[in-house]
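Report on the structure
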Amino acid sequence: MTSLLGLAVLAAALTVPVLAFVPIGGGTSTHVSITGTALLQKVMETCKAVAYNNGYEFSPTGNSPEQIVQACLGPTATGDVSGAKFHSALQEIYMQNGLVDRDFVASAPHHFNSEAFLEGRSLITEGVAAIKANVRNENFQAARETLGRVLHTLQDFYSHSNWVELGNKEPYLNLIRPDLPIENLADMSTPTCRDCAGGTCPNQILSDILHQGKLTSGYMGIFSGKKPSGKCSHGGSSDLTSFKVPRGGIHKDERRPDNQDYHDAAVKVATAATLKLLEDIRLAAGDNDFLRMLGIARSSVVCFVIDTTGSMSDDIDEARKVVYEIIDEKKGTQDEPSEYILVPFNDPEFGPVIKTTDPEVMKKEISKLRANGGGDLPEMCYSGIQLALTTAPSYSNIFVFTDASAKDAHLQDTLVALIRSTKSMVNFFMTSGKRRRRSTRGGTFNDYKDLALASGGQAIQVTKGQLPQATDIILDTSTSALVTILQQDRNPGKPETFSFSLDDSLKNITFYITGTSLSFTLTNPAGVTQSSSQASGSLATIKTVGNLWRSTLNADRATGRWQIRLTSSNAYTIKVSGQSTIAFIYDFVEKFEGPHPGYAVLTGRPQEGQPANLMLPVMGRKGPDSLKIKEISLLSVSSSVSTSASISNMGNGEILATVPVVPGGEFVVLLKGIDTVSNTEFQRQSTTQMSVSKVNIKATVSSSMEPGKAFTLPFSVFTNGTGGQYKISARNDRNFPMAYPSSLSLTSGQYTNATLTITPPAGTVSGTDVTVTLDASSGSDSNYVVLRLSVLEKITDFYPPLCEIISIQAVCPHDVSQCKSSVWELVANLTDGNGTGIQSVTLQQGNGNLTQVIYDDPAQYQYNASCCSQVVEIVALDKVGNVGRCYHSIERSASAPAEKLSLLLMLSLLFSVFNVRPN
């Protein structure tokens with residue numbers, strides 16, 4: 001497989017477990033490895049193109065995702081660049097790919113079983129349309145989740161059908177081209193297989209089927225052994241049809257002695273098919289958005305949620321100043337934010353969300369904010385935060401400016417669920433002013449502190465005059481490769497000494513302590529100390545503002561074990577962070593059984609009193625092999641008590657950690673080990689707090705929604721605690737109408753089924769995503785599931801734009817060294833016929849100039865280039881994402897005289913490089 005793709009160097013960059021998902025083949029050939037290999041190749045191709053277009057060379061210094069991302073970002077990425085978002089994006093795709101085997105185990109179309117070719121193709125084409133629409137609307141997480149599911153179905157075609165037995169070595173393009181027919185299918189009455197008594201035969205397909213080139217696939221029966229007479233079975237112990245004549249099975253999921261050639265062929269063609277589909281999405285998305293979809297961007301996203309009521313003018317001015325400072329200081333560097341998001345809120349309005357990658361656009365938008373209205377105390381703060389959490393990508397930093405409590409405090413559980421789902425960090429800047437007093441109409445400022453703590457963020461209380469000093473924290477965290485070394489809270493406070501390791505890779509190390517009436521002493525590994533009363537000492541520079549102490553370690557700080565002794569009887573929090581490419585991400589996962597067992601991301605909180613599994617991709621300075629993992633534990637944030645996990649190395653930096661019992665209370669994940677680059681100890685801590693529950697909710701998104709049509713979402717609720725009535729609540733970030741039961745009667749140890757109905761309005765734009773948070777609670781125990789659904793208009797235009805090359809004029813010298821003095825020209829007509837219309841025409845290859853010269857239909861384009869640039873590829877995209885391409889090379893005819901192409905040559909070009917629309 002790697003020899004086909006030329007990706008021997010990149011193979012080591014895959015950080016995925018072999019056991020995680022269904023294998024398309026045995027050994028290392030799994031859905032994950034096939035998907036990962038194709039994704040990495042396509043990322044490399046895209047990065048190379050972006051680098052070429054921006055005048056720099058794409059040359060990774062190694063094969064780790066961090067090194068690939070750094071090379072892709074180019075000359076501005078001169079310091080530490082984290083690959084965490086790239087890892088996270090890949091994990092989302094892999095996990096959704098694997099979930100097809102759990103959530104749709106008995107669905108023939110999802111696996112191309114039982115000759116469900118037309119239905120399977122529909123899943124692929126509808127899914128690809130949804131991905132393209134999501135990307136157009138910058139809903140990248142929804143696009144990734146759909147991509148994972150679509151790729152599973154596409155790859156299964158080559159393992160479960162007889163495509164490779166028919167001698168095919170190239171992908172079946174008709175599966176991703178709905179304008180092309182699926183033909184020559186074996187009908188229901190046509191026998192397709194001979195009997196295989198032993199269950200493993202080299203090739204069971206009947207010779208007539210092979211001779212006629214008919215397409216078939218194995219029937220799969222998990223609950224029944226019935227199948228049409230003479231039909232092939234999928235095979236395997238879980239397939240009940242495989243025991244009915246004709247016995248056996250034709251799947252190529254494992255590499256066995258009887259099928260190794262077919263298995264190897266299936267892996268190769270499935271990988272090639274994955275590349276074809278990814279290229280189609282890339283051309284529709286454009287290179288930059290394709291990379292953004294895969295988490296390859298500069299620094300973090302900066303998201304502001306700002307109260308715009310009348311007393312907030314000073315706060316808005318400071319937020320505006322901070323945004324300008326970020327833009328001006330970090331523009332053109334690796335710390336330049338990859339996206340800016342702004343969510344204003346007032347009462348009763350909140351939003352709209354403004355997001356842009358253009359810093360000048362964000363300057364303009366934030367300059368428009370004006371403080372007005374208000375008067376009563378609480379505002380719609382939580383609604384604004386909800387929009388931010390569902391708009392910003394996972395692991396984002398969100399900064400909230402307000403001087404009032406929240407009127408919509410009923411959303412607090414929803415926000416906690418979203419924080420835990422996205423692992424984003426929420427930081428509050430709470431200013432005192434005329435409206436700063438306790439309210440009985442909504443939440444309190446302590447609620448803000450609780451939300452900040454749950455996310456690993458800070459809740460900073462200052463006067464309006466102190467706000468400019470407090471916002472340094474935004475500049476600290478709006479950076480690349482940000483990691484947390486330690487975070488704890490104590491309520492009530494008590495004197496305590498906190499120890500932590502600083503490794504050689506860390507830079508810009510900062511301490512944050514929030515609280516009142518406190519003091520602390522910092523001690524380095526050599527025993528040198530500095531107290532909080534020393535603003536500038538031998539170890540750090542310490543500043544105070546409001547309830548925040550901010551300490552930055554001196555650049556010459558020592559590696560090793562540090563301590564901070566904190567004394568206070570009041571509640572306080574402590575956090576230590578820095579910049580480093582040594583990091584990890586994690587998900588709680590649960591194992592599922594069936595024909596193809598694997599692991600799925602656990603929705604909601606883990607079960608109380610039960611063992612739990614975590615999947616952790618770890619990242620080192622030179623890839624995962626440069627780390628030695630010593631300890632993974634679940635750490636209480638209020639007591640420092642930890643529960644150690646057993647560790648299984650799944651290969652290439654992927655760790656499966658298992659705890660015998662999940663601890664009670666709020667906890668985080670702690671990782672410790674050795675950085676072999678410097679041979680120093682490191683520790684990293686997750687920021688988002690998690691806790692256990694006796695309740696569990698399961699729900700599956702099976703398809704996209706259509707505007708104006710009700711969509712039914714089945715879900716089920718389970719408890720291993722006391723049965724009885726459980727309250728059900730659901731919310732979505734688009735305010736789409738929903739209907740669901742307000743309560744369910746649960747029996748301990750059993751799932752209870754129910755449905756939620758959601759209806760997107762008729763005018764909803766195709767590609768809109770909606771985040772639904774579903775919660776079940778009884779007393780103090782609750783759990784949740786967070787789901788992303790996409791809205792997609794029914795697609796009727798399946799045909800790509802067409803290209804007709806009118807003329808090519810090329811008089812180029814034989815001597816390549818003389819090419820600069822000569823030029824060549826191509827003229828082409830482009831049309832979308834009766835389709836939705838051409839949205840864009842761009843150059844995918846070529847260094848020349850592409851100019852539109854006729855604006856009618858068909859539109860005419862002229863391309864001029866130096867004879868040094870001998871290849872051109874023009875990409876036309878219609879309004880629903882269908883992609884058409886024109887390709888031409890003058891390499892073979894560089895010395896030919898200028899000429900008008902003959903009709904025969906034009907037809908030949910059209911046939912070979914473009915898909916001609918039928919009449």
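For every chain, the first residue of the written sequence is number 1, and numbering continues from 1 onward in sequence order. For this predicted model, a pLDDT threshold of at least 70 governs which residues receive local features, and a threshold of 80 or more governs which side-chain atom pairs are given and counted, while totals over whole chains, interfaces and linings are taken from all residues. Side-chain figures throughout are based on the complete set of non-hydrogen atoms in the structure, without hydrogens or water.

Examining the sheet that holds strand β24 (residues 667–675)
In space, the four strands of this open sheet follow the order β21-β20-β24-β25, with antiparallel pairing throughout. Since the sheet does not close on itself, it has two edges, and those belong to β21 (642–644) and β25 (680–685), each with one partner. Between one strand axis and the next, the sheet turns through 30° on average, direction left out of account. Following DSSP output, two strands are said to pair if at least two bridges run between them. The secondary structure listing takes helices from DSSP runs of H or I that are at least 4 residues long and strands from runs of E that are at least 2 residues long, numbered from the N terminus. When strand β20 (residues 627–636) meets β24, the two strands line up antiparallel, connected through nine bridges. Looking across to β24, one finds that Leu-627 is bridged to Asp-675. The angle between two axes is taken between their N-to-C directions and runs from 0 to 180 degrees, where each axis is a line fitted to C-alpha atoms and a helix contributes only its stretch in contact.

Notes on the packing of aromatic side chains
In this description, an aromatic ring pair is defined by two values, namely the gap between the centres and the angle between the planes. Between rings of Phe, Tyr and Trp, where Trp is taken as its six-membered ring, a pair exists when centres lie within 6.5 Å; planes separated by under 30 degrees are stacked, by over 60 edge-to-face, and by other angles tilted. As enumerated under the stated definition, the model contains 19 aromatic pairs in all. Seen from their ring centres, Phe-718 and Tyr-751 are 4.9 Å apart, and the 35° between their planes marks the pair as tilted. Highlighted residues: Phe-718 in strand β27 (residues 711–719) and Tyr-751 in the loop between β30 (743–746) and β31 (752–758), separated in sequence by 33 residues. Judged by relative accessible area, which is 35%, Tyr-751 ranks as partly exposed. By the ring-pair criterion, three or more aromatic residues cluster together here, those being Phe-112, Phe-117, Phe-157, Tyr-158, Trp-163 and Tyr-172. Counting as a charge over the ring demands two things of the Lys NZ or Arg CZ atom: a distance within 6 Å of the ring centre and an angle within 35 degrees of the ring normal. Residue placement shows Lys-363 over the ring face of Tyr-324; its charged tip is 5.5 Å from the ring centre. Over the face of the ring belonging to Tyr-586 we find Lys-423, whose NZ or CZ atom lies 4.9 Å from the ring centre. Burial status follows relative accessibility: with a 1.4 Å probe on protein chains alone, a residue under 20% of its type maximum counts as buried, one over 50% as exposed, and anything between as partly exposed.

Re the state of the cysteines
Any two cysteine sulfur atoms within 2.5 Å of one another count as a disulfide. Applying the stated criterion across every chain yields a total of six disulfides. Covalently, Cys-47 is tied to Cys-72 through a disulfide, its sulfur atoms 2.0 Å apart. The disulfide joining Cys-47 to Cys-72 has a torsion of about -95° about its S-S bond and is therefore left-handed. Of this pair, Cys-47 sits in helix α3 (residues 31–53) while Cys-72 sits in helix α4 (residues 65–73), placing them 25 residues apart in sequence. Here Cys-803 is linked by a disulfide to Cys-886, with a sulfur-sulfur distance of 1.8 Å. Judged by the sign of its S-S torsion, about -130°, the bond between Cys-803 and Cys-886 is left-handed. With Cys-803 in strand β34 (residues 802–810) and Cys-886 in strand β40 (residues 883–889), this residue pair connects regions lying 83 residues apart in the sequence. Numbered by order of appearance in the sequence, the disulfide-linked cysteines of the chain pair as 1-2, 3-6, 4-5, 7-12, 8-10, 9-11.

None of the figures reported here should be taken as evidence of function without further support.
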